[in-house]
Amino acid sequence: MTPNQYVKAITRHVTCSKAKKKEIKLQLLSDMNASLEGGEVLENIISRMGKPADIAREFNENLSEEELMKYQKSKRFRFFGVIAVILIIILFLASILLWLMPWASGTHSSASQTEIDTKTEEVITLLNENDFDTLSNLSTKEMVPYLTKDYIDKARNGISDNWGEYKSLGKIYSQEILQKGKHYTVVQVNASYENISVTYTITFDQDMNLAGLYMK
Amino acid sequence: MNVQNEKYERQMKKGVLDMLVLKLLESDEKYGYQLISELNEKSDGVFILKEGTLYPILYRLEDEAFIESNWSLPEGKQVSRKYYSITAKGKAALEQIATTWNSIQSGIDKIMETPVTK
C-alpha cells in the first residue's frame, strides 16, 4: 500500500466537506512523507497511525458540528443534483419520444377514423364528379394547381383510357406519418370502376386538407 | 486499564487539549506531526494523540482565529508542511484558559486532598 492509497482509504470514510477532506489528505500525506524523510519505514508509519477506518472514525468524532453540517448539506445537494439530472434526462427523452410519435404529439392530426373515412369518400366522390373547384377548397394551396380536369385526366389515362362507371370503395387503410416535423395522414383505398380497379393514395395534412394524391 | 477508566481519561484529556496545543505553539510555529511528537515527549507518554484527534482540534482553533497556518515551500527533497502559529487572539485565549485551568486544578486538589472523615 502506498501512502496515497492509505490516505485515500482514510479520507473516503471521513464525513466532512470536500475542501476539508482535501486538506486532511494533504496533511496526512505531508506527515507520512516527513516521517519517511526521517528514515521511518512505511510499514511502521502505517502501523503507528492505525487502521484507516479507525482514523476516519476518530476524525468523525472530533470534527466540528459545522463541518458535519457542511457534509450533510453537500450530500443532500449531491443527492438532489443526481435526482435533477435524472429528471432532466427523463424529460428530455420523453420530449423526444413525444416529438417522434405522431399519436402523442400535440400537433398531430386528431382526426378519428370516421373523419378520415368521410374525408376520403368525399375526395373520391369529388374526383369522380370532376368537381375540382370544391376539391380545391378542401386542399392545401400547393395542391390547387394540380386539381384541374386536364391534369387529372392525364393521370387517369396513364392507367386506362376507359375506367367505366364508378362502382364501390374498398376498405380504407390509414397511417399517420411525420415528415419534416409535420404530421400527415396517409390513406390507401381501392376503388372499383366498371372496367378497372384503382388504388388511391391520398394524403391529408393535420387540418385534414388534401395534401397529396396518387393513383395507380 | 479498563473500559470505564479509558472513558474518563479520554474525557479529561479532551478538555485540556486546546490549551496544550496553544501552549506548544506559544513559543514557535509547528506542523501537525511535530505537535503529536512533542505532546507525547513532554507529557512522558500521557498525551499520545492520533492524527484523527489532533487535526480537528487544529481546524477548530483556526476557525476561532486562535491559530493560523501556512504551507511551507519545500526545499530540495523536503516535502511541503503545514505550519501552525498562535495569533494574538490565541495568546489572549491561552492566558484565560490557563487561569481557568489553574482555578479548576486548585479546586480539584482541595477536594482530592481532603482526608476522608467517617
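Residues numbered from 1 in each chain as written. Chains lettered and ligands numbered in written order. Predicted model: local features only at pLDDT ≥ 70, side-chain atom pairs only at ≥ 80, totals over all residues. Heavy atoms only, no water.

**So, empty space enclosed by the protein**
- Overall, the coordinates contain two cavities of 30 Å³ or more when judged by the stated rule.
- Counted as a void, the largest cavity has a volume near 40 Å³.
- Contributing to the lining of the largest cavity are A:Lys20, A:Asn62, A:Leu63, A:Ser64, A:Glu67, B:Pro56, B:Tyr59, B:Arg60 and B:Asp63.
- For the lining of the largest cavity, the element with the highest residue contribution is helix α3 (residues 51-63) of chain B, accounting for four residues.
- Of the residues in the lining of the largest cavity, the class split is three nonpolar, two polar and four charged.
- The calculated volume of the second largest cavity comes to roughly 40 Å³.
- For the lining of the second largest cavity, the element with the highest residue contribution is helix α2 (residues 18-37) of chain A, accounting for three residues.
- Residue classes in the lining of the second largest cavity are distributed as three nonpolar, three polar and three charged. (1 Å grid on protein atoms, 1.4 Å probe; cavity = no way out; pocket = protein on both sides within 12 Å on 5 of 7 lines; lining within 4 Å. Points joined across faces, edges and corners; volume = space filled by probe spheres on them. Helix = DSSP H or I, 4+ residues; strand = E, 2+ residues; numbered from the N terminus. Nonpolar A, V, L, I, M, F, W, Y, C, P; charged D, E, K, R; others polar.)

**Brief notes about the packing of aromatic side chains**
- Counted according to the given criterion, the structure contains seven aromatic pairs over all chains.
- With 5.5 Å between their ring centres and 85° between their planes, B:Tyr31 and B:Tyr83 make a pair best called edge-to-face. One end of the pair, B:Tyr31, is in strand β1 (residues 30-31); the other, B:Tyr83, is in strand β3 (residues 82-86), with 52 residues separating them in the sequence.
- Here B:Tyr31 falls in the buried class, since its relative accessible area comes to 13%.
- B:Tyr83 gets classed as buried once you look at its relative accessible area, which sits at 17%.
- Ring geometry for B:Tyr55 against B:Tyr59: centres 6.3 Å apart, planes inclined by 20°, an arrangement best described as stacked. With B:Tyr55 and B:Tyr59 both in helix α3 and four residues apart, this pair spans about one turn of that helix.
- Residue classification places B:Tyr55 among the buried residues on the basis of a relative accessible area of 0%.
- Three or more aromatic residues link up through ring pairs in this structure, and these residues are A:Phe59, B:Tyr55 and B:Tyr59.
- Geometry around B:Tyr59 places A:Lys20 over its ring, the cationic atom sitting 4.0 Å from the centre.
- The lysine or arginine in question, A:Lys171, covers the ring of A:Tyr173, its NZ or CZ lying 5.7 Å from the ring centre. (Phe/Tyr/Trp six-rings, centres within 6.5 Å; stacked < 30°, edge-to-face > 60°. Buried < 20%, exposed > 50% of the residue type's maximum accessible area, 1.4 Å probe, protein only. Lys NZ or Arg CZ within 6 Å of the ring centre and 35° of its normal.)

**Some details on a nonpolar patch on the surface**
- Judged by side-chain polarity, A:Phe79, A:Phe80, A:Val82, A:Ile83, A:Ile86, A:Leu87 and A:Ile90 come together as a nonpolar surface patch covering roughly 670 Å² of accessible area.
- Note on placement: A:Ile90 falls in helix α5 (residues 65-100). (Patch = residues over 30% accessible without salt bridge, like charges linked within 9 Å, V, L, I, M, F, W, Y side chains within 5 Å. Areas by Shrake-Rupley, 256 points an atom, 1.4 Å probe, with all protein chains shown as cover. Salt bridge = Lys/Arg side-chain N within 4 Å of Asp/Glu carboxyl O.)

**Some details on the domain arrangement of chain A**
- In terms of domain boundaries, chain A breaks down into domain 1 (3-99) and domain 2 (113-215).
- Using C-alpha coordinates to define each centre, domain 1 of chain A is positioned 70 Å away from domain 2 of chain A. (Domains from an automatic or database assignment.)

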